[in-house]
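Okay, here's what each chain looks like letter by letter:
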Amino acid sequence: MTKTMVKTITLAITAVCLLMCEGVFAQTKDPLLFPKDNFTVETKRVKTAAGEKKITYHAYMHIPYVAKPVDKDYQSLNVSIPVSIDGVQVNTTNAPIVLVIGVGGYMSVRNASSNHAHPEGGMGAPPRVPRPGGMGAGSDRGDLALAAGYVVVSPGCRGRDNKAADGTFYGKAPAVIVDLKAAVRYIRHNKGILPGNTEQIVSVGCSAGGAVSAVLGASGNSPLYDFYLKEIGAADERDDIYACACYSPITDLEHADGAYEWMYGNTPVSSGLVDQKLSNQLKALNAEYQVSLHLEGKNGFGPITADNYGDYLMQYYLVPSANKFLKGLTDEKRKEYLDNNKWINWKNNEATFSFKDYVASVGRMKNLPAFDDFENQKPEPSEFGSATVDTRHFTEFSLRHSTGNANATLDTDVILQRNMMNPMYFVGQKNPGCAIKWWLRNGTRDNDTSQPIMVNLATSLENNLNRDVNAWDFWDAGHCQDNDPESFIAWIGQITGHSK
Ligand code: DHB
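Source: prediction; values computed, not measured.

Asks: Would you mind showing me how to read the overall build of the protein chain here?
Replies: Summing up its helical and strand segments, the protein chain has 16 helices and 14 strands in all. Counting the 500 residues in the protein chain, one finds 56% classified as buried. A separation of at least 24 residues holds for 72% of the contacts in the protein chain among residues at least 6 apart in sequence. Carbon and sulfur atoms make up 53% of the accessible area of the protein chain, which amounts to about 21900 Å² in all.

Here is the structure:
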């Protein structure tokens, strides 16, 4: 053998070895490793209470967060990591990680465009044209979080509208929450690689986004979702989060129709009063449900029931909210406001009004039943569809009414879906993986759902799990309206110790 032949053979063997090694390496390479060097440097100006800030940040776009995505245009996330704020370097090694949930209307959130920091949500999701009373012209929460030096993660996720080419649905419940949990697991899986403190993940969303934020917060580490998480190749990690924020959560869906009648049953919609017989039946179911929750009100109020819920709301939510609002007005503005709202009396710096007048002033928005409507036209029956059925009833009441079969029962998989979509289910079970800190906000004029829905969640978290709950109603605020976005950002700083 010539020297050249030996050289050639040696080279060939080396090349084969290298290729084989690479093959082995490729097989063992972690598909869920955060691509930390694959970012673009971006800048943006964010209006904050402390003035406009110039943020320089690293943007990571469209990173699949599961190994076996059903649709990676949805099961991917964006990450924004602040690098400097007004020219001052930011250290994000231990910063809180804010998970901004863009879900609205239980629709999917697509994460496939190339020019936006946030994924595109469905109805109600930011960024969007705000509904009257929405977040309005202020900076969005993600931008404010960035301006505070927090890491911001914006996940896409599947939703009830996702339909494959063969006509099957792939985003019905529990897909949305399975995806959000997978995103949390991805973050935790990349501890020390993705900047930020993986033990300080804070989720936030509004409306259906507030509802799924609540489920994410309440259901941490529940084995109920294991099968689904495995199926999509989610990281094998814990999925509990530290803190959970929910604005106008459209949650506890299977009990929301009864609570809506409790609050609005005697208040007409534009076409008049809803069917009073059916309304009363739903009210009776609601009264039973309230008793079954065994909730104790604050400061020795005692058991909260359908009969005294109006008093409870007045004492701890509505009157304090009205007082704060009215005290914040100038004498002239207050007089003008009170002249236009004769149902409120103002004496010795205290508002008094009746719950009945308050409800009448808000008015009823939705028909009966407000969520599991008989015609399956609302977002909620669509959320509870299956791979092959677009819409399904998720309450026995509506199923029986719409089929005319008084003995009809829900499919067992619908009951399972319901549990996996309801934070009350996990709080009622005292789930140890439930988030420690809670921020709950609603508007007093929000009639997308009734007031007890958020207050049941707040009280249940306090009663069952002794969780730290910061709950408040913004006076006169509508659906998803956030009158004080900066205080949420400050709260994150406070509960994580980051603002010290
Ligand atoms: C939303 C609003 C609703 O009234 C509802 O029933 C479900 C979702 C939303 O804005 O996300």
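Asks: When you look at the environment of Asn447 in this model, what are you seeing that I'm missing?
Replies: On the secondary structure map, Asn447 appears in the loop between strand E13 (437-443) and helix H15 (451-465). Distance in space between the C-alpha atoms of Asn447 and Lys366 is 7.9 Å, their sequence separation being 81 residues.

Asks: What am I meant to see in the site of the ligand here?
Replies: The local shell around the ligand holds 12 residues, among which Gly105, Ser207, Lys366, Glu380 and Asp448 are the closest. Within the contact set of the ligand, an oxygen atom lies 2.6 Å away from a side-chain nitrogen or oxygen of Glu380. Residue Asp448 places a side-chain N or O atom 2.6 Å away from an oxygen atom belonging to the ligand. For the ligand, the protein covers 97% of the area, taking 290 Å² as the surface of the free molecule. Looking at the shell around the ligand residue by residue, the class counts come to four nonpolar, four polar and four charged.

Asks: Could you clarify how one ought to interpret the state of the cysteines in this entry?
Replies: Taken as a whole and judged by the stated rule, the model has one disulfide. Through a disulfide, Cys206 is tied to Cys480; the S-S separation comes to 1.9 Å. Between Cys206 and Cys480, the S-S torsion sits near 90°, and that sign places the bridge as right-handed. Of this pair, Cys206 sits in strand E7 (residues 201-206) while Cys480 is found in the loop between strand E14 (468-474) and helix H16 (485-496), placing the two residues 274 residues apart along the sequence. A relative accessible area of 2% means that Cys480 is categorised as buried.

Asks: Even after reading the chapter, I still don't get the packing of aromatic side chains, so can you show me in this structure?
Replies: In this description, an aromatic ring pair is defined by two values, namely the gap between the centres and the angle between the planes. Inspection of every chain in the model, using the stated rule, returns 23 aromatic pairs. With a centroid separation of 5.5 Å and 40° between ring planes, the pair formed by Trp262 and Phe355 is classed as tilted. Placement of Trp262 in helix H6 (residues 253-264) and of Phe355 in helix H10 (residues 355-362) is noted, with a sequence separation of 93 residues between them. The exposure class assigned to Phe355 is buried, which follows from its relative accessible area of 18%. Taken together, Trp262, Phe301, Tyr309, Tyr312, Tyr316, Phe355 and Tyr358 form an aromatic cluster joined through their ring pairs. Above the ring of Tyr247, the side-chain terminus of Arg141 is found at 3.8 Å from the ring centroid. Directly above the ring of Phe169 sits Lys172, whose terminal nitrogen or CZ lies 4.6 Å from the centroid.

Asks: I would appreciate a short explanation of the pairing of strand E8 (residues 243-247) in the present structure.
Replies: The side chains of a regular strand alternate, first on one face of the sheet and then on the other. The element E8 is largely enclosed, with a buried count of five among its five residues. Of the two faces of E8, the one holding Ala243, Ala245 and Tyr247 and the one holding Cys244 and Cys246 are both buried throughout. For E7 and E8, the ladder comprises five bridges, and the chain directions are parallel. Within the sheet, the bridge partner assigned to Val202 lies in E8 and is Ala243. Relative to E13, E8 runs parallel, the two being bridged by five bridges. What sits directly across from Tyr247, in E13, is Arg441.

Asks: What is the right way to look at the environment of Pro35 in this model?
Replies: Note that Pro35 resides in the loop between helix H1 (3-28) and strand E1 (40-48). What makes Pro35 partly exposed here is its relative accessible area of 28%. Sequence spacing of Pro35 and Asn190 is 155 residues, and the spatial spacing of their C-alpha atoms is 9.7 Å. Setting aside anything within four residues of it in sequence, one finds Pro35 in contact with Tyr60, Ile63 and Tyr186.

Asks: Help me understand the side chain of Gln417, please; the structure alone is not making it clear to me.
Replies: Residue placement: Gln417 occurs in helix H13 (residues 412-420). Looking at Gln417, its side chain comes within polar contact range of the main-chain oxygen of Gly385, at 2.9 Å. Aside from chain neighbours lying at most four places away, what touches Gln417 is Lys172, Ala173, Glu383, Phe384, Gly385 and Arg392.

Asks: Hey, could you run me through the pairing of E13 in this one?
Replies: By the criterion of burial, E13 is predominantly enclosed, with seven of the seven residues buried. Both faces of E13 are covered, namely the face carrying Lys437, Trp439, Arg441 and Gly443 and the face carrying Trp438, Leu440 and Asn442. In terms of strand pairing, E13 meets E14 through seven bridges, oriented parallel. Residue pairing across strands places Gly443 opposite Phe474, the latter belonging to E14. For the crossover from E13 across H15 to E14, the handedness is right-handed.

Asks: I'm lost on the nonpolar core in this one. Help?
Replies: Where a protein is soluble and globular, its nonpolar side chains tend to be buried together. In terms of nonpolar packing, the biggest core is built from 105 residues, with Val79, Ile344, Phe353, Tyr358 and Trp438 touching the most fellow members. Take this core: its biggest share by element is 10 residues, from helix H8 (residues 309-327). Residues within four places of Trp438 in sequence aside, it is in contact with Ala214, Gly217, Ala218, Cys244, Cys246, Leu457, Leu461, Arg467, Asp468, Val469, Asn470 and Trp491. Counting residues in hydrophobic clusters, the runner-up holds 29 residues, among them Ile85, Ala145, Leu146 and Ile492.

Asks: Can you walk me through H15 in this structure?
Replies: For an α-helix, 3.6 residues make a turn, and residues three or four places apart therefore share a direction. With 15 residues, H15 should reach 21 Å at 1.5 Å per residue; the first-to-last C-alpha distance of 21 Å fits that figure. Counting buried residues in H15 gives 12 out of 15 residues, a clear majority hidden from the surface. Among all positions of H15, only Gln451, Pro452, Ile453, Met454, Val455, Asn456, Leu457, Ala458, Thr459, Ser460, Leu461 and Leu465 are buried. The positive-phi residue at the C-terminal boundary of H15 is Asn466, with phi of around 55°.

Asks: Help me out: how do you make sense of the packing of H6 against helix H7 (residues 276-293) in this one?
Replies: Each pair of packed helices can be described by the angle between their axes along with the distance between the axes. Relative orientation of the contacting elements H6 and H7 amounts to 110°, with a least axis distance of 7 Å. The angle between H6 and H7 falls in the class roughly perpendicular. Between H6 and H7 the crossing geometry is left-handed. Touching His255, Asp257, Gly258, Ala259, Glu261 and Trp262 of H6 are Ser279, Leu282, Lys283, Asn286 and Tyr289, all from H7. When the residues that make up the contact of H6 with H7 are grouped by side-chain class, the tally is four nonpolar, four polar and three charged.

Conventions we followed
Residues numbered from 1 in each chain as written. Predicted model: local features only at pLDDT ≥ 70, side-chain atom pairs only at ≥ 80, totals over all residues. Heavy atoms only, no water. Helix = DSSP H or I, 4+ residues; strand = E, 2+ residues; numbered from the N terminus. Buried < 20%, exposed > 50% of the residue type's maximum accessible area, 1.4 Å probe, protein only. Contact = heavy atoms within 4.5 Å. Areas by Shrake-Rupley, 256 points an atom, 1.4 Å probe, with all protein chains shown as cover. Near = heavy atom within 4 Å. Polar contact = N/O pair within 3.5 Å; in protein donor to acceptor, adjacent residues only side chain to side chain. Nonpolar A, V, L, I, M, F, W, Y, C, P; charged D, E, K, R; others polar. Disulfide = S-S within 2.5 Å. Phe/Tyr/Trp six-rings, centres within 6.5 Å; stacked < 30°, edge-to-face > 60°. Lys NZ or Arg CZ within 6 Å of the ring centre and 35° of its normal. Pairing = 2+ DSSP bridges. Right-handed = clockwise from strand over helix to strand, strands pointing away. Core = buried A, V, L, I, M, F, W, Y, C linked by side-chain atoms within 4.5 Å. Expected span 1.5 Å × (residues − 1). Axes fitted to C-alpha atoms, helices over the stretch in contact; angles between N-to-C directions. Parallel < 35°, antiparallel > 145°, perpendicular 65-115°, else oblique. Left-handed = near helix turned anticlockwise from the far one by under 90°.

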